[in-house]
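Chain by chain, the residues run as shown.
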Amino acid sequence: MTSWPAINAENRLQQLDFDPAVVLNKLDDDLTLSYVDGVLSLRHQDQSFQSLAIDFCSPQFLYRLKRAAHEQLVKACRIKNQSKIRLLDATAGLGRDAMILQTVGFKVTAYERHPLLAALIADALTRIPADREPFDLQIGDATTVFQSGDFDVIYLDPMFPDSKKSARVKKDMAILQQLHQHTSDDSHELFKAAWQASCQRLVVKRPQKSATLSDAKPTFQINGKTCRFDVYQRA
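Think of each chain on its own: its residues are numbered from 1, step by step along the sequence as written. With the structure being a predicted model, the display of local features is reserved for residues of pLDDT at least 70 and the display and counting of side-chain atom pairs for 80 or more, all residues being used for whole-chain, interface and lining totals. Excluding hydrogens and water, the side-chain figures rest on all heavy atoms present in the structure.

**Q** Looking at this structure, I do not really get the nonpolar core. What am I missing?
**A** Nonpolar side chains tend toward joint burial in soluble globular proteins. Definition used in this section: a nonpolar core is a set of buried Ala, Val, Leu, Ile, Met, Phe, Trp, Tyr and Cys residues joined via side-chain atoms within 4.5 Å. For the exposure calls, accessible area comes from a 1.4 Å probe over protein chains only, and a residue counts as buried if that area is under 20% of its type's maximum, exposed if over 50%, partly exposed in between. If you look at the biggest cluster of nonpolar residues, it comprises 55 residues, and the most contacted ones within it are Leu33, Leu40, Leu52, Phe56, Cys77 and Phe135. Per element, the largest residue contribution to this core is nine residues, and it comes from helix 6 (residues 115-125). When checking whether two residues touch, look at their non-hydrogen atoms; a contact exists if any pair is within 4.5 Å. In contact with phenylalanine 135, other than residues within four places in its own chain, are Phe56, Gly95, Ala98, Met99, Gln102, Val108, Ala110, Ile121 and Leu125. Judged by nonpolar contacts, the second largest core, of 18 residues, contains Leu88, Cys199, Leu202 and Leu213. Only DSSP runs of H or I covering at least 4 residues are called helices, and only runs of E covering at least 2 are called strands; the numbering of each starts at the N terminus.

**Q** What am I meant to see in the environment of isoleucine 222 here?
**A** Residue placement: isoleucine 222 occurs in strand 8 (residues 220-223). The sequence separation of isoleucine 222 and aspartate 97 amounts to 125 residues, and the corresponding C-alpha distance is 16 Å. If sequence neighbours within four positions are ignored, isoleucine 222 has contacts with Gln72, Lys75, Ala76, Arg228 and Phe229.

**Q** Help me understand the packing of aromatic side chains in this model?
**A** For any pair of aromatic rings, geometry is given as the distance between the ring centres together with the angle between the planes. Geometry of aromatic contacts follows a simple scheme: Phe, Tyr and Trp rings, the Trp one being its six-membered ring, pair when their centres are within 6.5 Å, and the pair is stacked under 30 degrees between planes, edge-to-face over 60, tilted otherwise. Under the defined criterion, the tally for this structure stands at five aromatic pairs. With 5.7 Å between their ring centres and 25° between their planes, phenylalanine 191 and tryptophan 195 make a pair best called stacked. With phenylalanine 191 and tryptophan 195 both in helix 8 (residues 187-195) and four residues apart, the pair spans about one turn of that helix. Look at phenylalanine 191 and you get buried, because its relative accessible area is 2%. The class of tryptophan 195 is partly exposed, set by a relative accessible area of 25%. For the pair phenylalanine 191 and tyrosine 232, a centre-to-centre distance of 5.2 Å together with 65° between the ring planes defines the contact as edge-to-face. With phenylalanine 191 in helix 8 and tyrosine 232 in strand 9 (residues 227-233), this pair connects stretches of sequence that are 41 residues apart. For tyrosine 232, a relative accessible area of 2% translates into the label buried.

**Q** I'm lost on the environment of leucine 116 in this one. Help?
**A** Within the secondary structure, leucine 116 sits in helix 6. Note on leucine 116: relative accessible area 0%, which makes it buried. C-alpha separation for the pair leucine 116 and glutamate 71, spaced 45 residues apart in sequence, amounts to 28 Å.

**Q** I'm lost on the pattern of salt bridges in this one. Help?
**A** Side chains that differ in charge, positive against negative, can pair when their charged atoms come close. Criterion for a salt bridge: a side-chain nitrogen of Lys or Arg within 4 Å of a carboxyl oxygen of Asp or Glu. Applying the stated criterion across every chain, the model contains eight salt bridges. When the shortest N-O distance is used, the salt bridge between arginine 64 and glutamate 71 registers 3.0 Å. Given the relative accessible area of 30%, arginine 64 is considered partly exposed. Since its relative accessible area comes to 17%, glutamate 71 is described here as buried. The shortest N-O distance in the salt bridge between arginine 86 and aspartate 152 comes to 3.0 Å. Highlighted residues: arginine 86 in strand 3 (residues 86-89) and aspartate 152 in the loop between strand 5 (136-139) and strand 6 (153-156), separated in sequence by 66 residues.

**Q** What should I look at first to understand the pairing of strand 9 in this one?
**A** Two faces belong to every sheet, and in a regular strand the side chains alternate between them. Within strand 9, six of the seven residues are buried, leaving the element largely enclosed by the surrounding structure. Two strands are said to pair when DSSP picks up at least two bridges between them. Alignment of strand 7 (residues 201-207) against strand 9, held across seven bridges, turns out to be antiparallel. Paired with arginine 201 across the two strands is glutamine 233, which belongs to strand 9. The pairing of strand 8 with strand 9 spans four bridges and is antiparallel.

**Q** Just checking my understanding: could you explain the sheet that holds strand 9 for this structure?
**A** By definition, the strands of a sheet pair up through backbone hydrogen bonds, in either a parallel or an antiparallel sense. Read from one edge to the other, the open sheet built from seven strands follows the order 5-4-3-6-7-9-8, with strand pairing classed as mixed. If you trace the sheet from one side to the other, it starts and ends with strand 5 and strand 8, each paired once. The sheet shows a mean angle of 20° between the axes of neighbouring strands, taken without regard to direction. Note on geometry: axes are C-alpha line fits, over the in-contact stretch for helices, and angles between N-to-C directions span 0 to 180 degrees. The sheet contacts of helix 6 involve strand 4 (107-112) and strand 5, and relative to strand 5 the element is tilted by about 155°.

Written out as structure tokens, the structure reads:
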């Protein structure tokens, strides 16, 4: 049985080069950041809520990684006859899409604005096997690098749940939604900024029945059961 050093969440944040004061200031009164058994997680005082942690090594996610080349996300972002595609994931979220893309050969830089989510991702990246290359995680606003010209593809996943459906949110996603409840939906502004960026392709993940984020018609779309990818070829 693995023996983990007796450190708390604040110590763990310092190990990950986060400022504990900045991160912990984002906690709601009913949330706690914990470091237990080598995993950083968010816990709700209502114990019926599932804690939120990120694990890139779970059996379910490893199965997805084995089949990553067949993911619709990959098909939407891949550029024909081009390897080592530089991709900017402007809305990292739980980091799963970034890890899938990194696994199939994209060079991924992922930005996450919420410091709590960024900390959970950073912790998860330290637990991946040594033979797997992590993506580059950045904390902050991705729009600051849209004009850098450093990326071939910009990927947006501004998935803001409909407030009318909030009561039906799955228990394991309730904490994630709570983190975003104080954040305004700036998806249209994000798209406008990305539209002006210097890149070859812009890919937007949307709920299946949602409208596009712009009047501009996508070059093509890839549809799934619950979501779709709107692909805009820019160059």
